[in-house]
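Structure at a glance
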Amino acid sequence: MKWFCFGAAMLLLAACSPEKERVYTVDELVADEVMLAKIIGECRNNPGVLHDRPNCRTAEAADAKLRLERMRKSLGG
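What counts and how
- Residues numbered from 1 in each chain as written.
- Predicted model: local features only at pLDDT ≥ 70, side-chain atom pairs only at ≥ 80, totals over all residues.
- Heavy atoms only, no water.
- Helix = DSSP H or I, 4+ residues; strand = E, 2+ residues; numbered from the N terminus.
- Buried < 20%, exposed > 50% of the residue type's maximum accessible area, 1.4 Å probe, protein only.
- Areas by Shrake-Rupley, 256 points an atom, 1.4 Å probe, with all protein chains shown as cover.
- Disulfide = S-S within 2.5 Å.

1. Concerning the overall build of the protein
Secondary structure summary: the protein contains five helices and zero strands in total. Order of helices (α) and strands (β) in the protein, N terminus to C terminus: α-α-α-α-α. For the protein, the residues scored as buried account for 18% of the 77 residues in total. Total accessible area on the protein stands at roughly 6,300 Å², and carbon and sulfur atoms take up 63% of it.

2. Side note on the state of the cysteines
Enumeration over the complete set of coordinates arrives at one disulfide. Note that Cys 43 is cross-linked by a disulfide to Cys 56, the S-S spacing being 1.8 Å. Given an S-S torsion of about -80 degrees, the disulfide between Cys 43 and Cys 56 has left-handed geometry. A residue pair is termed long-range when its members are at least 10 positions apart, and Cys 43 in helix 3 (residues 33-45) and Cys 56 in helix 5 (residues 54-74) qualify at 13 residues. Accessibility classification places Cys 43 together with Cys 56 in one group, the buried group.

What follows is the structure in structure tokens.
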């Protein structure tokens with residue numbers, strides 16, 4: 001009976017755990033500029049809480065990569 005109660009409690013706790021956020025790569029965000037803009041907007045609107053999340057750091061890197069690519073194109077390189 002103890003094991004049944006323990007198992008039921010663990011099952012309930014597992015069901016209540018928060019869902020993990022999908023972490024995007026830089027290349028995925030470079031390819032999907034709409035998602036990139038959404039993530040950057042969320043991160044910049046709440047930097048105190050979200051600044052250290054992997055997606056925020058990845059989005060900033062993807063944004064920098066896109067800016068450099070655009071700068072190269074505009075300079076003729």
